[in-house]
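# Structural overview
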Amino acid sequence: VAVTTRLLVSHLSGIRHYEKDITKVKEEKEKANRACKLTKPCQDKEQKEKEGKEIEKTDSVKPRKEHEGEVKSRNSKPGRRNKEFEQEEYYLKEKFESVIESLKIFKNDPLFFKPGDQFLYSTYGFTLLSAVVERVSGQKFTDYMLKMFRDLDMLSTVLDDNEAMIYNRARCYVYNKKGRLVNAPYVDNSYKWAGGGFLSSVGDLLKFGNALLYSYQAGQFKNTDGKLLPGYLKPDTVAMMWTPVPKTEVSWDRDGKYAMAWAVVEKKQECGCCRQQRHYASHTGGAVGASSVLLILPEELDSEALDTGLVAPPRGVVVSIICNMQSVSLNSTALKIAREFDKEKWAQ
């Protein structure tokens with residue numbers, strides 16, 4: 001088989017995640033599919049009831065499954081653990097000197113399926129991707145990334161190195177089995193720098209989101225008389241990154257598909273006066289003792305704005321949330337915030 005970088009970045013490689021037992025992975029997928037089928041009739045009924053009402057109201061309606069998950073989360077005991085965080089490899093304490101060395105964790109494990117056939121979110125797929133970056137660039141992956149962060153003025157984004165003295169590093173928390181708040185256990189993230197090994201701030205993530213949004217929109221603006229600087233990435237590159245890939249899925253946003261390292265929701269409205277779906281890109285993050293989300297909602301620019309050059313990119317809303325608590329669902333909150341800011345803009 002052939003595993004390409006495109007398959008890695010879209011989690012279609014077949015490389016395992018933290019769970020080593022393929023049978024358990026299949027069982028979890030089957031449960032999720034059954035739950036999806038059960039909630040579909042309810043969603044269809046709700047959709048019919050909402051027809052004829054104003055778009056603003058229907059736009060705020062979220063899928064039943066997501067809503068039920070939030071209610072369940074609010075009503076459940078605080079000590080309830082996320083099953084994924086029961087995997088032992090989340091809590092590795094071994095220090096790896098290079099990303100090439102960290103490949104030994106999974107390099108001899110069988111693929112779960114033929115590359116390109118199925119979607120399986122894999123942190124280790126991104127570990128292999130970081131090794132590709134290291135070999136192609138001729139630099140250590142960490143050095144390559146830190147230089148990029150400097151270029152983007154993300155000066156608070158650093159390696160999550162336990163030994164280093166990092167100014168303003170937050171303490172992370174988890175609930176224990178008794179439902180009490182305790183400090184998160186010690187882990188060494190050197191085995192997965194690319195998949196969850198960096199520390200950042202809300203401000204830096206906003207810079208990162210704006211840099212991508214600027215790059216995405218820069219090629220659309222005309223008559224700028226050369227005043228518009230190029231984006232950090234080419235517009236076509238970001239458009240490719242934000243194009244949904246077939247056979248993918250997204251656990252935290254049922255409207256979306258996975259693209260290239262991003263979950264993407266496409267613009268969609270099936271009938272008049274029905275729910276209007278805006279185009280946006282997002283990604284959540286989960287680590288031992290921490291949760292996060294970055295969501296980018298591009299502004300829908302009209303032809304006059306693009307042709308006259310009276311406005312300049314980035315245009316849209318970028319939402320970043322970082323929480324020093326494990327297993328906190330943040331995507332729906334980020335989307336609500338983005339929509340509120342977007343609605344306020346159009347009201348003006």
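Residues numbered from 1 in each chain as written. Predicted model: local features only at pLDDT ≥ 70, side-chain atom pairs only at ≥ 80, totals over all residues. Heavy atoms only, no water.

## Things to note about the sheet that holds strand S9 (residues 316–323)
Backbone-to-backbone hydrogen bonds pair the strands of a sheet. The strands run either parallel or antiparallel. Definition in use: By the convention used here, strands pair only if DSSP detects at least 2 bridges between them. Numbering of helices and strands starts at the N terminus; helices are DSSP runs of H or I of at least 4 residues and strands are runs of E of at least 2. Here a residue-residue contact requires only that any non-hydrogen atoms of the pair lie within 4.5 Å. A fitted line through C-alpha atoms represents every axis, and for helices the fit uses only the stretch in contact; the resulting angles, taken between N-to-C directions, go from 0 to 180 degrees.
The sheet built from five strands is open, its strands ordered S5-S6-S7-S8-S9 with antiparallel pairing. Looking at which strands have only one partner, the edges of the open sheet turn out to be strand S5 (257–258) and S9. Pairing analysis gives seven bridges linking strand S7 (residues 280–287) to strand S8 (residues 290–298), with the strands arranged antiparallel. Its bridge partner being in S8, Thr-284 is matched across the sheet by Val-293. Helix-sheet contacts for helix H9 (residues 202–218) involve S8 and S9, and the interaxial angle to S9 is about 150°. On top of the sheet, helix H12 (residues 331–347) reaches S7, S8 and S9; it is set at about 145° to S9, its chief contact.

## Comments concerning the side chain of His-17
So the rule is basically this: In protein, a polar contact means a hydrogen-donor-capable atom and an acceptor-capable atom, both N or O and within 3.5 Å, with residues adjacent in sequence counting only if both atoms are side-chain atoms; elsewhere, any N or O pair within 3.5 Å suffices.
Positionally, His-17 belongs in the loop between helix H1 (5–9) and helix H2 (22–50). One polar contact links the side chain of His-17 to the main-chain amide nitrogen of Thr-123, over a distance of 3.1 Å. Contact partners of His-17, with chain neighbours within four places excluded, come to Glu-84, Glu-89, Leu-120, Tyr-121, Ser-122, Thr-123 and Tyr-124.

## Some remarks on the packing of aromatic side chains
Basically, it comes down to this: Stacked, edge-to-face and tilted are the three classes for Phe, Tyr and Trp ring pairs, Trp counted by its six-membered ring, which pair at centre distances within 6.5 Å; planes under 30 degrees apart are stacked, over 60 edge-to-face, the rest tilted. In this scheme, a residue with accessible area under 20% of its type's maximum is buried, one over 50% is exposed, and one in between is partly exposed, where area comes from a 1.4 Å probe on protein chains only.
According to the stated counting rule, one finds 11 aromatic pairs in the structure shown. Geometrically, the ring pair formed by Tyr-90 and Tyr-91 is tilted, given 6.4 Å between the ring centres and 55° between the ring planes. Under the relative-accessibility criterion, Tyr-90 is labelled buried at 4%. A centroid spacing of 5.3 Å and a plane angle of 85° characterise the contact between Phe-149 and Phe-198, whose relative ring orientation is edge-to-face.

## A look at the pairing of S7
Two elements, strand S6 (residues 263–265) and S7, share three bridges in a ladder whose sense is antiparallel. What sits directly across from Val-264, in S7, is Ala-281. As consecutive antiparallel partners, S7 and S8 are separated by two residues, and within that stretch Gly-289 has a phi angle of approximately 90°, a positive value.

## A word on the confidence of the model for the protein
Our working rule: Within a predicted model, pLDDT stands for the predictor's per-residue confidence, ranging from 0 to 100.
Per-residue confidence for the protein gives a mean pLDDT of 86, with 85% of residues at or over 70. Put simply, helix H3 (residues 55–59) is where the protein has its lowest mean pLDDT, 36, and H1 is where it has its highest, 98. Below pLDDT 50 for its whole length, residues 50–80 participates in 39 contacts with residues either more than four positions away or in separate chains.

## Topic: a nonpolar patch on the surface
Operational definition: In this analysis, a patch consists of residues with relative accessible area above 30% that form no salt bridge, clustered at 9 Å for like charges and at 5 Å for the nonpolar side chains Val, Leu, Ile, Met, Phe, Trp and Tyr. Note on areas: Shrake-Rupley with a 1.4 Å probe; residue coverage comes only from the protein chains shown. Note on definitions: salt bridges are taken to be side-chain nitrogens of Lys or Arg within 4 Å of carboxyl oxygens of Asp or Glu.
Among the surface-exposed residues, Val-1, Val-3 and Leu-111 lie close enough to one another that they form a single nonpolar patch of about 270 Å² accessible area. Among the secondary structure elements, Val-1 is positioned in the segment before H1.

## Remarks on the pattern of salt bridges
Inspection of the entire model under this criterion finds 16 salt bridges. Among the salt bridges present, the one from Asp-160 reaches Arg-169, with a minimum N-O distance of 3.3 Å. Asp-160 sits in the buried class, given a relative accessible area of 18%. Arg-169 sits in the partly exposed class, given a relative accessible area of 31%. Salt bridges linked by common partners bring Arg-16, Lys-20, Glu-89 and Asp-109 together as one network.

## Topic: helix H6 (residues 123–137)
The condition is simple: Helices are assigned an expected span. That span is 1.5 Å times one less than the residue count.
Here H6 contains 15 residues, and its C-alpha end-to-end distance of 21 Å stays within 8% of the 21 Å for a straight helix at 1.5 Å per residue. Looking at H6, one finds that the buried residues are Thr-123, Tyr-124, Gly-125, Phe-126, Thr-127, Leu-129, Ser-130, Ala-131 and Glu-134. Buried residues along H6 sit against H1, helix H5 (99–102), helix H7 (141–151) and helix H8 (193–196). Between the side-chain oxygen at the start of H6 and the backbone nitrogen of Tyr-124 there is a gap of 3.4 Å, and the oxygen is on Ser-122. Note on H6: the residue one or two positions beyond its end, Gly-138, has a positive phi of about 75°.

## A few points about unusual backbone geometry
Here Pro-313 and Pro-314 are connected by a cis peptide whose omega angle stands at 0°. Counting through the fold element by element, Pro-314 comes out in the loop between helix H11 (303–308) and S9. Phi angles above zero are rare outside glycine, and Asp-153 is one such case at about 65°. Secondary-structure assignment places Asp-153 in the loop between H7 and strand S1 (158–159). Within the chain, Ser-327 stands out as a residue other than glycine whose phi angle is a positive 60°. Among the structural elements, Ser-327 can be located in the loop between S9 and H12. For Ser-327, a relative accessible area of 38% translates into the label partly exposed.

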